[in-house]
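Chain by chain, the residues:
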Amino acid sequence: MKHVAIGAVFSAFLIAACDFASTRDAAAERQTIAAATAQFEAAENAGSVDQFRSYFDDDLVVMGPDKPPVTGGDTVAAQMRVFHEKFAVQVEYNSQEIVVSGDWAFDRGTERYTLTPKAGGAPIHKSGNYLYLYQRQGDGSWKQSRVIWN
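Residues numbered from 1 in each chain as written. Predicted model: local features only at pLDDT ≥ 70, side-chain atom pairs only at ≥ 80, totals over all residues. Heavy atoms only, no water.

Visitor: When you look at the sheet that holds strand E1 (residues 56–63) in this model, what are you seeing that I'm missing?
Guide: What holds strands together in a sheet is hydrogen bonding between their backbones, with the strands either parallel or antiparallel. Spatial ordering of the open sheet is given by E2-E1-E6-E5-E4-E3, a layout of six strands whose pairing is mixed. One side of each edge strand has no neighbouring strand; the edge strands of this open sheet are strand E2 (70–71) and strand E3 (87–101). Relative to strand E6 (residues 142–149), strand E5 (residues 124–136) runs antiparallel, the two being bridged by seven bridges. Paired with Leu131 across the bridge in E6 is Ile148. Sheet strands in contact with helix H3 (residues 73–86) are E1, E2, E3 and strand E4 (104–117), and its direction is about 60° off that of E1. (Pairing = 2+ DSSP bridges. Helix = DSSP H or I, 4+ residues; strand = E, 2+ residues; numbered from the N terminus. Contact = heavy atoms within 4.5 Å. Axes fitted to C-alpha atoms, helices over the stretch in contact; angles between N-to-C directions.)

In structure tokens:
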């Protein structure tokens, strides 16, 4: 009877430890996603297309308002390069929710932009919502796989 009781206590301890580890890992993964979005924001504010391209999965699909989807990390980066040649960008992303499930995660939040035309003119202020779908890569890093904003 003593061995059964020890076995039951040990099993309960292992289950609790596994639940704690998965909770801790999920929290760490959410922090990693938040950091990736913050680093993407910093690169975008610096106008560094090459730097923020590193956060794009090669098969990235971007769906902006009133436009057809743009597919491919390099294609999106090329379009962003043209955009950043025309505007100085200051953006602030405010995450409202980050969920991680296996090798997929999403970051949903709000965004505020100030776009200053480099050719001169008044700054343009915009705000909206975003949804970044991240996919874990083979090396353990997270990259944006699908991006939607309005």
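There is more to say, and it comes next.
Visitor: Help me understand the environment of Ala77, please; the structure alone is not making it clear to me.
Guide: Within the secondary structure, Ala77 sits in helix H3. Residue Ala77 is classed as buried on the basis of its relative accessible area, which comes to 4%. Remark: the alpha-carbon pair of Ala77 and Gln51, spanning 26 residues in sequence, is separated by 10.0 Å. With residues near it in sequence (within four places) discarded, Ala77 still touches Val49, Arg53 and Phe56. (Buried < 20%, exposed > 50% of the residue type's maximum accessible area, 1.4 Å probe, protein only.)

Visitor: Would you explain unusual backbone geometry in this entry?
Guide: Note: most peptide bonds trans; most residues except glycine with negative phi. A positive phi is found at Asp66, a non-glycine position, where the angle reads about 60°. Checked against the element boundaries, Asp66 lands in the loop between E1 and E2. Take Asp66: its relative accessible area is 84%, and that puts it in the exposed class.

Visitor: Is there a simple way to explain the pairing of E1 in this structure?
Guide: Of the strand pairs in this sheet, E1 and E6 are connected by four bridges, and their pairing is parallel. Considered in E6, the bridge of Phe56 is made with Gln144. Joining the antiparallel neighbours E1 and E2 is a turn of six residues, in which Asp66 adopts a positive phi near 60°.

Visitor: Sorry, what's going on with the pattern of salt bridges here?
Guide: When the charged atoms of two side chains with opposite charge come close together, those side chains can pair. In this structure the tally under the stated criterion is eight salt bridges. Two residues, Arg136 and Glu29, come together in a salt bridge whose shortest N-O distance is 2.7 Å. One end of the pair, Arg136, is in strand E5; the other, Glu29, is in helix H1 (residues 2–46), and 107 residues separate them in sequence. On the basis of relative accessible area, Arg136 is assigned to the partly exposed category, the value being 24%. Notably, a salt bridge pairs Arg108 with Glu97, separated by 2.9 Å at the nearest N-O pair. Separated by 11 residues along the polypeptide, Arg108 in strand E4 and Glu97 in strand E3 bring together distant segments of the chain. By sharing partners, the salt bridges in this structure join Glu29, Asp103 and Arg136 into a single network. (Salt bridge = Lys/Arg side-chain N within 4 Å of Asp/Glu carboxyl O.)

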